[in-house]
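Close look at the chain arrangement
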Amino acid sequence: MARRSVKILCVAEAATLAHVARTVCIACALRARPEFANIQIELAFDQRFESYAPEWFPYYHLESIPVSDFVEKVNSSRFPYTAARLRKYVRDDLDLIEKTNPDLIIADFRISLAISATKKRVP
């Protein structure tokens, strides 16, 4: 019986370009390692930054807070997310996990994944 390849989903909360850039760098670094040659890597982050997704990775749109909202809240020492936004994020995360069926999720600042990934039992 053939072994199913391992799938890693790399997710960024696209609150800033830095979150997306780190996620793309991690995905590229994994892909460059010979021991990860048989691992499927997919990316998910807001479509505002879709042009930063290398064409060799499957890409999924995952809505994120607008950069201006994030920066304004952080600069005024306020939590950048409302309860309603976090509930939507969890629903979006769960839909994405269902669609992609990853074995592992690597995330940069997508705090809702602490709930979503746990619910779906994906490390």
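Residues numbered from 1 in each chain as written. Predicted model: local features only at pLDDT ≥ 70, side-chain atom pairs only at ≥ 80, totals over all residues. Heavy atoms only, no water.

1. Some words on the sheet that holds strand β3 (residues 59-61)
Within a sheet, adjacent strands bond to each other through the backbone by hydrogen bonds, running parallel or antiparallel. The strand order β3-β2-β1-β4 describes an open sheet built from 4 strands, whose pairing is parallel. Only two strands of the sheet have a single neighbouring strand rather than two, namely β3 and β4 (104-108). On average, each strand axis in the sheet is tilted by 20° relative to the strand beside it, whichever way the strands run. Here 3 bridges tie strand β2 (residues 40-45) to β3, and the two strands are oriented parallel to one another. Note that in β3 the partner of Phe-45 across the bridge is His-61. On top of the sheet, helix α1 (residues 17-32) reaches β1 (7-12), β2 and β4; it is set at about 175° to β2, its chief contact. (Pairing = 2+ DSSP bridges. Helix = DSSP H or I, 4+ residues; strand = E, 2+ residues; numbered from the N terminus. Axes fitted to C-alpha atoms, helices over the stretch in contact; angles between N-to-C directions. Contact = heavy atoms within 4.5 Å.)

2. Looking at the pattern of salt bridges
Pairing is possible between side chains of opposite charge, provided their charged atoms come close. In the structure shown here, the tally under the stated rule is 10 salt bridges. Asp-46 is the partner of Arg-48 in a salt bridge, and the nearest nitrogen-oxygen pair spans 3.8 Å. (Salt bridge = Lys/Arg side-chain N within 4 Å of Asp/Glu carboxyl O.)

In short, shape yes, function no, at least from these values alone.
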